[in-house]
Every structure is written in C-alpha cells, then in structure tokens.
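Here is how the chains run, residue by residue.
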Amino acid sequence: MIRASHGRAAWLLATTISASACDPEALAVVELTAYGEEFVEDEIPASAFVDGWSIEFSRFVVALTDIEVDGEPLPGHFAIDLRDDSSGEGHHLGEVVVPAGARPQITYRVAPLPEPGLMPEPGASLVVEGRAQRGEQTISFAWSFDTDTRYEHCEGVEALDSDLGNRSELTLHADHLFYDDLEAPDPNLAFDAIAAADTDGDGDVTMDELDAVQLGAAERYQGGGGQITDLGHFIRALTRTLGHIDGEGHCEIGR
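Residues numbered from 1 in each chain as written. Predicted model: local features only at pLDDT ≥ 70, side-chain atom pairs only at ≥ 80, totals over all residues. Heavy atoms only, no water.

S.K.: Please clarify how the pairing of strand 7 (residues 105-110) should be interpreted in this entry.
M.R.: The two faces of a sheet get side chains in turn, since along a regular strand they alternate between them. For strand 3 (residues 54-69) and strand 7, the ladder comprises 4 bridges, and the chain directions are antiparallel. Residue pairing for strand 7: valine 69 is matched across the bridge by isoleucine 106. The pairing of strand 7 with strand 10 (residues 149-155) spans 5 bridges and is classified as antiparallel. Considered in strand 10, the bridge of valine 110 is made with threonine 149. (Pairing = 2+ DSSP bridges. Helix = DSSP H or I, 4+ residues; strand = E, 2+ residues; numbered from the N terminus.)

Shown next, in the form of structure tokens:
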C-alpha cells in the first residue's frame, strides 16, 4: 500500500529524456524506492535476538516527506506500508533529475504528514503492528509514533550515469526498534523487557504499558544521556535511528 500526494515527477522525467537526447552526459534520472528489507516483509528471526524471540509484522507504515537528491526535491508526501511484498525491489516513490557523475547526496524525513488521511492514524509518522513469539508464548503489539526525524547527508552507493538505470533506496531498518542501547556501535536485539511490560497479562503490549516500565539501573537499555527514564520513550528514541540509504549506507540525523 502506497498513498502519495505528488505533482511534477512525470514532467521532470519527460524533460530529462528530452535534455539527454541533446546532451546525454549532462543529466541523470534517479529512481527512488523505499524498502524495509526481509525483516519487515518476512520476519526478524529468533537467531537475531539475544533472548530467542522472533518478530513478524502485520503492518509497518512509514510517512516519508521532504525527499531530495542533490538538493532537487521529489514532489509529494508518501505513506507506505513496507510490510507489503515487493519481491525485494522496494516500493517505487518517483524519479528525480540531477546532474550525472557523482554519488548522490540524499535527504529525507520520517515525519507526520500535512495531508489528513494518508496515514492510518492522524498525526503519526510510523505505525507498526505485529507479534513476537518464543516457543508457545506470543506477544502482540500495535504502536504509533509521531517522532519527526530528518535524515541527511545520505550518500548513495553508486555514481550516477546519464541514463535511466540509476536507483537509490531509502532503507528503513525495523530491527532498530528492538535495540537495547542508544549509543553502542553494536547493540543487541532483545524483547524480554517488552514482553514483561504486559502487566495485565492480555498478550498485548501497549505504549502505556511501556511508558510504565522504569529503566532505573538496568544493564540493558542504556543511552540517552540519562534523559530517558522509561522503556516507552526509549523505543520512541529508537524510531529516530531507522533511516539508512541503499541498505547499510549511513545518514546523519538532522537537528
């Protein structure tokens, strides 16, 4: 599912094809996609977690806006359910025309969208639903976030050719939601503390239940300079780390 609001992408593509016919070395068309990788489309396997849980998403809807390639904007706003099967190709967003030659510099935001109705929940930038399983135990979750994160200085992995074969992928790493450290270079994936937040025993962990879990002096869930004191806000902070480019390419988080 992709819901989009956009305008001039087709005009830009036609303009570039016309310009390239006159000067084929001058411009490049970059196709932009969004992808949550196999961790979203299939599952995060138990082998990835230090405590043996696995995660399967039923919905992973992300709001994308303010997308630019080398300063050239991709018009529109997008609400994409990355859980929808893309056969590993990612979800098409549109094309941007830029000078050929260098590796592109890409910027984008995951943020609440101005148009009502694009996201399944008003004011949300990320909506995730799914279930975690370990043996016979199952825990469901349905979380909505309104965090606003600008990912910038994302350098594409390939230099741009003056043809129509250039692609760059906005990659969202769902496993980051289950990191146990905000600052460690190689944090673990863990779910035990989230499962334990189900204090009413109904098999569903809500954000209110996560907000009630005080981190205290726990060895896990460190980071944030002491400003984050509960598990709910820890996971909200993790939502600001999801964005990458072309797989494992890194972006800076804008202030």
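Having seen the model, we can carry on.
S.K.: Sorry, what's going on with the side chain of serine 86 here?
M.R.: As for its position among the elements, serine 86 is in the loop between strand 5 (77-81) and strand 6 (91-99). Among residues more than four places away in sequence, those in contact with serine 86 are Tyr35, Glu41 and His91. (Contact = heavy atoms within 4.5 Å.)

S.K.: How should I be thinking about the nonpolar core in this particular structure?
M.R.: Looking at soluble globular proteins, one finds that nonpolar side chains tend to be buried together. Counting 60 residues, the largest nonpolar core has Phe60, Leu64, Leu93, Tyr108, Trp143, Phe178 and Phe191 as the members making the most contacts within it. Among the elements that take part in this core, strand 3 stands out by supplying 7 residues, more than any other. Phenylalanine 60 has contacts with Val40, Ile80, Asp81, Leu82, Arg83, Leu126, Val127, Val128, Ala174, Leu177 and Leu242, leaving out every residue within four places of it along the chain. In terms of nonpolar packing, the next biggest core, distinct from the first, is built from 8 residues, Val61, Ala63, Leu113 and Met119 among them. (Core = buried A, V, L, I, M, F, W, Y, C linked by side-chain atoms within 4.5 Å. Buried < 20%, exposed > 50% of the residue type's maximum accessible area, 1.4 Å probe, protein only.)

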